[in-house]
Amino acid sequence: MQNKPYIVNETAGTKAYCQCHKSQNMPYCDGAHKGSGVGPSVVEVTEDKTVAVCGCGKTQSAPFCDGAHSR
Ligand code: FES
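What comes next is a walk through the structure. It should be emphasised that the depicted structure is a prediction, and the values quoted were computed from it without experimental measurement. (Residues numbered from 1 in each chain as written. Predicted model: local features only at pLDDT ≥ 70, side-chain atom pairs only at ≥ 80, totals over all residues. Heavy atoms only, no water.)

## Some details on the nonpolar core
And then number 1: In this structure, Tyr-6, Val-8, Tyr-17, Val-43, Val-45, Val-51 and Val-53 together form the largest nonpolar core, which totals seven residues.
And then number 2: For this core, the elements supplying multiple residues, two or more each, are β1 (6–10), β3 (41–45) and β4 (49–53).
And then number 3: Those residues in contact with Val-43 that lie beyond four places of it in its chain are Gly-13, Thr-14, Lys-15, Tyr-17, Pro-63 and Phe-64. (Core = buried A, V, L, I, M, F, W, Y, C linked by side-chain atoms within 4.5 Å. Buried < 20%, exposed > 50% of the residue type's maximum accessible area, 1.4 Å probe, protein only. Helix = DSSP H or I, 4+ residues; strand = E, 2+ residues; numbered from the N terminus. Contact = heavy atoms within 4.5 Å.)

Okay, structure coming up:
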């Protein structure tokens, strides 16, 4: 966990972003959540673009940063 977003130059496609904060490949799910009851946030990125994935766990717009880390 970190108190800022992960800025990723994303390619279009289906992405699974870690929500349990145990992944060794943040911000992506690596399966480390197994047994925790928390799964990844799976989203369809429709075009190549830069995204800000929440790293603090406080966002209300998961999996993306909504600025809550700075409030
Ligand atoms: S990093 Fe979590 S709201 Fe920005």
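## Here we look at the packing of aromatic side chains
And then number 1: The tally for this structure, following the rule as stated, stands at two aromatic pairs.
And then number 2: Ring geometry for Tyr-17 against Tyr-28: centres 5.7 Å apart, planes inclined by 25°, an arrangement best described as stacked. Remark: Tyr-28 occurs in the loop between β2 (13–17) and β3 and Tyr-17 occurs in strand β2; sequence separation between them is 11 residues.
And then number 3: Here Tyr-17 falls in the buried class, since its relative accessible area comes to 0%.
And then number 4: Assessed through its relative accessible area of 23%, Tyr-28 is described here as partly exposed.
And then number 5: Taken together, a centroid distance of 5.9 Å and an interplanar angle of 70° make the contact between Tyr-17 and Phe-64 edge-to-face. In this pair, Tyr-17 sits in strand β2 while Phe-64 sits in the segment after β4, placing the two residues 47 residues apart along the sequence.
And then number 6: Look at Phe-64 and you get partly exposed, because its relative accessible area is 26%.
And then number 7: In this structure an aromatic cluster arises from ring pairing among Tyr-17, Tyr-28 and Phe-64. (Phe/Tyr/Trp six-rings, centres within 6.5 Å; stacked < 30°, edge-to-face > 60°.)

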